[in-house]
Amino acid sequence: MGILEQMKLDGKTAFITGGARGIGKSVAFGFAQAGANVVIADWDIEEAQKTAEEIAKTEGVKTLAVQTDVTDQASVNRMIEAVKQHFSSLDIAFCNAGICLNIPAEEMSAEQWSKVINVNLTGVFLTAQAAGKLMIEQGKGGSIITTASMSAHIVNVPQPQCAYNASKAGVIQLSKSLAIEWAKHNIRVNSLSPGYIGTELTLNSKELQPLIKTWNDMAPLHRLGRPEELQSICVYLAGDSSSFTTGADFVVDGAFTCF
């Protein structure tokens, strides 16, 4: 099989948490352009439905939007049941949903800390666990991709985000642990660590807009990444060309963490 054939995702099904917008939406388009059917799992069901309809219309694949709270096991299980009912199998899981609260550590409440950890780390565990259980049941392997961050490798400045940094470091170690446990089932688990990405949320946030110049001044490429610049690495990890790639973390940050 040639390399281009290995990169195709024809006949595969992927779910993407946090898929309604931002990185999740961009990667969902990437999977669809490679031939996969996609399930947009997001708390914002109206936006998820818009994204699913847009992908179906432009890319000609089957799509489904499912309202999902990644911190709630029952909600995650309902999403998995919807995948089973609408598609023949699950081949790819992009456990991507995440939040960030920029609050000084000495001011952060236990509730605020827990909110970040629950979405960013527990949510990744619950969705990866659900995907892994189904893939084990199916008996044909699969690929799970988690969204960590360059913030797992460095401490971002000037914004205070200790809970976010800790949660993303946890995602990397969780992904490595799952990769080892599920290797015997031919389920590959890898993490993606993006740098600063210019999503709509980032670009339109009144809180973050003043920081963008600082980030760009610090960055070797002097710019934010674009969501579509994460598509190809995710398509690679989702497909057969990465069959020997598991337990790895892929930093896509324009060399931000190199110094």
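Summarised in this report is the structure supplied together with it. (Residues numbered from 1 in each chain as written. Predicted model: local features only at pLDDT ≥ 70, side-chain atom pairs only at ≥ 80, totals over all residues. Heavy atoms only, no water.)

**Observations concerning the overall build of the protein chain**
Counting its secondary structure elements, the protein chain contains 9 helices and 7 strands. Taken over the C-alpha trace, the protein chain has a radius of gyration of 17 Å; the compact-globule value for 259 residues is 18 Å, and the two agree within 12%. With the C-alpha coordinates of the protein chain rotated into their principal frame, the extents come out at 50 × 40 × 35 Å. Burial analysis of the protein chain (259 residues in total) assigns 52% to the buried set. In the protein chain, the share of contacts with a sequence separation of at least 24, taken over all contacts with a separation of at least 6, comes to 73%. A total of about 12,100 Å² of accessible surface is found on the protein chain, and carbon and sulfur atoms cover 53% of it. Positive and negative side-chain charges of the protein chain, numbering 20 and 26 respectively, have mean locations separated by a distance of 4 Å. (Helix = DSSP H or I, 4+ residues; strand = E, 2+ residues; numbered from the N terminus. Rg over C-alpha atoms; globule rule 2.2 N^0.38 Å. Buried < 20%, exposed > 50% of the residue type's maximum accessible area, 1.4 Å probe, protein only. Contact = heavy atoms within 4.5 Å. Areas by Shrake-Rupley, 256 points an atom, 1.4 Å probe, with all protein chains shown as cover. Lys, Arg positive; Asp, Glu negative; His and termini not counted. Charge placed at Lys NZ, Arg CZ, Asp CG, Glu CD.)

**Concerning the pattern of salt bridges**
Across all of its chains, the model carries 10 salt bridges by this definition. For Lys140, the salt bridge goes to Asp91, with nearest N and O atoms at 2.5 Å. Highlighted residues: Lys140 in the loop between helix 5 (110–138) and strand 5 (142–147) and Asp91 in the loop between helix 4 (73–86) and strand 4 (92–95), separated in sequence by 49 residues. You can call Asp91 buried: its relative accessible area is 8%. In this structure, Glu229 engages Arg226 in a salt bridge whose closest nitrogen and oxygen atoms are separated by 3.1 Å. Counted as one network, the salt bridges with shared partners bring together Arg223, Arg226, Glu228 and Glu229. (Salt bridge = Lys/Arg side-chain N within 4 Å of Asp/Glu carboxyl O.)

**Description of the sheet that holds strand 3 (residues 63–67)**
Strand order in the open sheet formed by 7 strands is 3-2-1-4-5-6-7, with parallel pairing between adjacent strands. Here the strands that pair on one side only, and so sit at the sheet edges, are strand 3 and strand 7 (249–252). The mean inter-strand angle of the sheet, taken between neighbouring strand axes irrespective of direction, is 15°. With 4 bridges joining them, strand 6 (residues 187–194) and strand 7 adopt parallel strand pairing. Counted as the bridge partner of Ser191 is Asp249 from strand 7. Helix-sheet contacts for helix 2 (residues 22–33) involve strand 1 (13–17), strand 2 (37–42), strand 4, strand 5 and strand 6, and the interaxial angle to strand 4 is about 165°. (Pairing = 2+ DSSP bridges. Axes fitted to C-alpha atoms, helices over the stretch in contact; angles between N-to-C directions.)

**Re the side chain of Gln161**
As for its position among the elements, Gln161 is in the loop between strand 5 and helix 6 (162–182). Gln161 gets classed as buried once you look at its relative accessible area, which sits at 6%. Side-chain polar atoms of Gln161 contact the side chain of Gln159, separated by 3.3 Å. For Gln161, the side chain forms a polar contact with the side chain of Asn165, separated by 2.8 Å. In this view, Gln161 contacts Cys100, Leu101, Asn102, Ser151 and Asn156; residues no more than four positions away in its chain are not counted. (Polar contact = N/O pair within 3.5 Å; in protein donor to acceptor, adjacent residues only side chain to side chain.)

**Details of unusual backbone geometry**
Backbone torsion omega between Val157 and Pro158 reads 5°, so that peptide bond is classified as cis. Structurally, Pro158 can be placed in the loop between strand 5 and helix 6. The phi angle at Asn186 is positive, at roughly 60°, despite the residue not being glycine. One can find Asn186 in the loop between helix 6 and strand 6. Here His222, not a glycine, exhibits a phi torsion of approximately 55°, which is positive. With respect to the secondary-structure elements, His222 resides in the loop between helix 8 (209–218) and helix 9 (231–238). The class of His222 is exposed, set by a relative accessible area of 51%.

**Side note on helix 5**
The end-to-end C-alpha separation of helix 5 is 40 Å, in line with the 42 Å expected for 29 residues at 1.5 Å each. At Asn118, helix 5 shows its maximal kink, close to 40°. Gly139 occupies a position one or two residues after helix 5 and carries a positive phi of about 75°. (Expected span 1.5 Å × (residues − 1). Bend = angle between axes of the 7 residues up to and from the residue.)

**As for the nonpolar core**
With 31 residues, the main nonpolar core has Phe15, Leu90 and Ile144 as its most contacted residues. At the level of secondary structure, the elements contributing two or more residues to this core comprise strand 2, strand 3, helix 4, strand 4, helix 5, helix 6 and strand 6. The element contributing the most residues to this core is helix 5, with 7 residues. With residues near it in sequence (within four places) discarded, Ile144 still touches Ala93, Cys95, Ala128, Ala131, Gly132, Met135, Trp182, Ile187, Arg188, Val189 and Asn190. Counting 29 residues, the second largest nonpolar core, distinct from the first, contains Leu9, Val27, Ala52 and Ala238. (Core = buried A, V, L, I, M, F, W, Y, C linked by side-chain atoms within 4.5 Å.)

Don't take any of this as a statement about function, it's just geometry.
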